Amino acid sequence: MASAAVMSLRELKSAVGGTAYGRAMEEEVALRKEGKGSPHRASKLRLFDVLEPPPRVTLYRDAAAWCPYCQKTWMLLEEKKIPYRVELVNMRSYGDKPREFLGKVPGGFLPAIDLDGSTYTESLDIMALLDRTFPETPMIPEDDVAEANRLLRLERELFGAWCSYVFRGDDGKLFDLALQTVEEAIKGPFFLGATLSIVDLQYVSHVERMAASVAYWKARDIRAEKPGIDAWLRAIEALDSYDATRSDYYTHVMNIPPQYGNPQKIRSSWQSRIVESTFPLKPDPLQPNWGHKEPTAALEALFHLVNNFDAVSKFASRPEGSGVGKWSFMRPDRARLADPYAAPAQDRADLDAVLLVAATILWQAADHDFGAYEPSPDLLLPLRGSFGGGGGGSPKNRRRDAVVRCCEYLRDRVGVPRDMSYPAARTLRASLSFIISNL
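Residues numbered from 1 in each chain as written. Predicted model: local features only at pLDDT ≥ 70, side-chain atom pairs only at ≥ 80, totals over all residues. Heavy atoms only, no water.

A. How the structure looks around the pattern of salt bridges. According to the stated counting rule, one finds 24 salt bridges in the structure shown. With a closest N to O distance of 3.4 Å, Asp243 and Lys293 form a salt bridge. Here Lys293 lies in the loop between α13 (271–275) and α14 (297–307) and Asp243 lies in helix α11 (residues 240–245), a separation of 50 residues in the sequence. The pair formed by Asp243 and Lys293 is uniform in burial state, with each residue classed as buried. Here Asp339 makes a salt bridge to Arg413, at a shortest N to O gap of 3.9 Å. Placement of Asp339 in the loop between α15 (309–316) and α16 (349–365) and of Arg413 in the loop between α17 (395–411) and α18 (422–438) is noted, with a sequence separation of 74 residues between them. Relative accessible area serves as the criterion here: at 4%, Asp339 is assigned to the buried category. By sharing partners, the salt bridges in this structure join Arg223, Asp230, Arg234, Glu237 and Arg246 into a single network. (Salt bridge = Lys/Arg side-chain N within 4 Å of Asp/Glu carboxyl O. Helix = DSSP H or I, 4+ residues; strand = E, 2+ residues; numbered from the N terminus. Buried < 20%, exposed > 50% of the residue type's maximum accessible area, 1.4 Å probe, protein only.)

Put into structure tokens, the structure is as follows:
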């Protein structure tokens with residue numbers, strides 16, 4: 001499968017499209033347009049293979065596929081198989097909200113739903129409303145209502161203790177106490193026993209973000225500390241609805257500060273474990289249960305790159321265009337990695353050549369077991385005529401430095417699950433890091 005030379009875009013599209021994975025992905029894209037197939041962040045219509053009138057529900061969720069409140073609502077729609085349409089709206093930290101949406105939801109809150117012509121907000125209220133309106137597959141059994149309410153109050157206690165620990169700088173004792181109480185409350189495999197409920201959905205999106213934040217800023221692995229919570233998360237991770245909405249720790253720690261505030265009393269030595277993606281890719285015990293996506297990770301990243309090549313190139317070229325950094329300048333409530341109004345560069349020939357190297361690396365990585373590949377610097381030899389080496393301000397060096405800035409920009413903004421799964425994102429980030437280090 002591997003090629004020694006940098007491949008053209010046409011060759012790469014043909015190569016990935018000719019694999020069993022590529023053919024399956026193309027079929028999945030076609031099914032998605034019909035509202036069918038498996039859960040996916042790109043789906044705008046979900047009909048669950050049932051012929052019926054147009055969906056009664058429209059879900060307004062964040063375009064970044066990161067909002068925790070949207071995630072739990074999204075999962076409930078999937079688990080109950082309620083047909084729905086999707087409208088994407090920016091989180092406040094990622095860009096301005098459309099006037100049409102603000103006319104419908106003046107506060108701009110996400111998620112929101114339209115149900116039979118009326119609009120509703122607040123994720124827990126929405127989930128309860130949907131459970132009542134579509135009573136098939138109930139998400140709170142009648143004999144567990146009191147226990148469910150108790151556990152929902154406990155979730156708020158855990159959330160408050162987490163905020164105090166990470167964002168207000170307390171000693172973490174309240175967080176540890178709440179975490180232990182939650183550990184003891186799980187009946188297994190889910191909170192209320194054998195059946196998934198709204199309680200699980202209320203917990204999972206914030207526990208996912210807690211695990212990332214305390215690892216990154218406090219050097220703690222709460223899954224290792226709490227085997228009951230780990231077992232519960234493993235049960236959740238077996239769900240297709242969660243598999244489609246699950247993020248990685250890097251995406252979390254980049255999105256958390258503008259949403260929740262800046263972490264306090266940072267004493268972690270684990271940042272590099274979460275941020276760095278380099279070849280050869282090493283096992284990641286902090287983020288388990290992604291192994292089912294590792295055999296096709298390189299092909300997944302390659303499929304998205306080559307089939308959206310022009311859009312990716314325009315996005316990556318923003319550092320050489322205009323507007324990068326203006327959105328978040330002096331605004332801690334805005335995501336540092338968001339540039340909703342940045343403009344791409346006009347001349348992207350050099351960047352396109354480098355992105356083809358990245359794509360060729362992905363194609364070669366697909367010929368190896370996950371973690372068993374390391375690219376050769378010889379892949380960059382054809383670029384030597386265009387770019388200079390070492391320091392200095394020659395035109396060739398400036399062209400090289402500009403391309404490196406664009407590669408860094410793209411690498412740092414690959415989001416999970418918005419762009420691809422975590423194993424695929426690791427592989428793409430590693431290919432860009434390899435180019436940055438060797439160019």
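B. A look at the sheet that holds strand β2 (residues 57–62). One open sheet holds the five strands; their spatial order is β1-β3-β2-β4-β5, and the pairing between them is mixed. A strand with exactly one partner marks an edge of an open sheet, and here the two such strands are β1 (45–46) and β5 (118–121). Pairing geometry for strand β4 (residues 112–115) and β5, over four bridges, is antiparallel. Paired with Ala112 across the bridge in β5 is Thr121. (Pairing = 2+ DSSP bridges.)

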